[in-house]
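In case you want the letters, here they are:
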Amino acid sequence: GYGTKNGFYKEYNQYGTIIRHFNYSEGMENGLCIEYITMRGGEYYECDGKPMVEKMMNKGDVVYEKEFACSNGGYYMFRKREANKDGVGFTYTEYYPSGKISKKYGLTYYLDKLGAYTDYYENGSIKEAGNYLKTENYNALMNGHFYAS
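Small disclaimer: the values here were computed from a predicted structure and weren't measured.

Draft legend 1. Highlighting the overall build of the chain. Helix and strand counts for the chain come out as zero helices and 14 strands. Each helix and strand of the chain, placed in order from N terminus to C terminus, yields the pattern β-β-β-β-β-β-β-β-β-β-β-β-β-β. The buried share among the 149 residues of the chain stands at 33%. Restricting to contacts in the chain with at least 6 residues of sequence separation, those with at least 24 account for 13%. Carbon and sulfur atoms provide 49% of the accessible area of the chain, an area that totals close to 9,700 Å².

Draft legend 2. The arrangement of unusual backbone geometry in detail. For glutamate 26, which is not a glycine, the phi torsion comes out positive at approximately 55°. Residue position: glutamate 26 is located in the loop between strand S2 (18-25) and strand S3 (28-29). Glutamate 26 gets classed as exposed once you look at its relative accessible area, which sits at 57%. You will see that lysine 59, though not glycine, has its phi angle at about 50°, which is positive. Locating lysine 59 in the fold gives a position in the loop between strand S7 (53-58) and strand S8 (61-71).

Draft legend 3. Spotlight on the nonpolar core. With eleven residues, the main nonpolar core is built from Phe22, Tyr24, Cys33, Met57, Val62, Phe90, Tyr92, Tyr105, Leu107, Tyr117 and Tyr132. When contributions to this core are tallied by element, the ones reaching two or more residues are S2, strand S10 (90-95) and strand S11 (101-107). For tyrosine 24, the contacting residues outside a window of four places in its chain are Lys5, Asn6, Gly7, Tyr9, Glu29 and Asn30.

Draft legend 4. A look at the environment of lysine 50. On the secondary structure map, lysine 50 appears in the loop between strand S6 (43-46) and S7. Taking the C-alpha atoms as reference, lysine 50 lies 8.6 Å from tyrosine 75; in sequence the two are 25 residues apart. Not counting chain neighbours up to four residues away, the residues in contact with lysine 50 comprise Tyr36 and Tyr75.

Draft legend 5. Local environment of the environment of leucine 133. Tracing the sequence through the fold places leucine 133 in strand S13 (residues 126-134). Judged by its relative accessible area of 36%, leucine 133 falls in the partly exposed class. Sequence spacing of leucine 133 and leucine 114 is 19 residues, and the spatial spacing of their C-alpha atoms is 5.6 Å.

Draft legend 6. The arrangement of the side chain of arginine 40 in detail. Among the structural elements, arginine 40 can be located in strand S5 (residues 37-40). When its relative accessible area of 14% is taken as the criterion, arginine 40 is described as buried. In terms of polar contacts, arginine 40 uses its side chain to reach the backbone carbonyl oxygen of phenylalanine 68, at 2.9 Å. If sequence neighbours within four positions are ignored, arginine 40 has contacts with Tyr45, Met52, Val53, Glu67, Phe68, Phe78 and Arg79.

What counts and how
Residues numbered from 1 in each chain as written. Predicted model: local features only at pLDDT ≥ 70, side-chain atom pairs only at ≥ 80, totals over all residues. Heavy atoms only, no water. Helix = DSSP H or I, 4+ residues; strand = E, 2+ residues; numbered from the N terminus. Buried < 20%, exposed > 50% of the residue type's maximum accessible area, 1.4 Å probe, protein only. Contact = heavy atoms within 4.5 Å. Areas by Shrake-Rupley, 256 points an atom, 1.4 Å probe, with all protein chains shown as cover. Core = buried A, V, L, I, M, F, W, Y, C linked by side-chain atoms within 4.5 Å. Polar contact = N/O pair within 3.5 Å; in protein donor to acceptor, adjacent residues only side chain to side chain.

What follows is the structure, encoded as structure tokens:
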């Protein structure tokens, strides 16, 4: 179409199955966006019509993004990215199918690791922890005392 997108949109595949629905405001994603079929690592994933990605957008910027998975008949959130309150970067959390935290760390706007990093066993004890620094070429550098228990 022509012009700037505004309002609620739905996309369907060739079989008439909804792929996603989302909102636009002044040409940018804004508000709640849901994907029912998503691509990860070059493959498509879906789970009996349940959301695979849920994200809240604010005029094109991610407020939060949750990704879901199906495993052994279960459905669970396996990772979440939330914008930091200071507006700089994200907090990224990965989950076990049980819902317990697997990993938690900071991300830059460009999705490089930055700041505190913790990797947990499913029982909640720390597997590995440390800190990431940003280098001149924007790569994350492990810094400080990374340790494994």
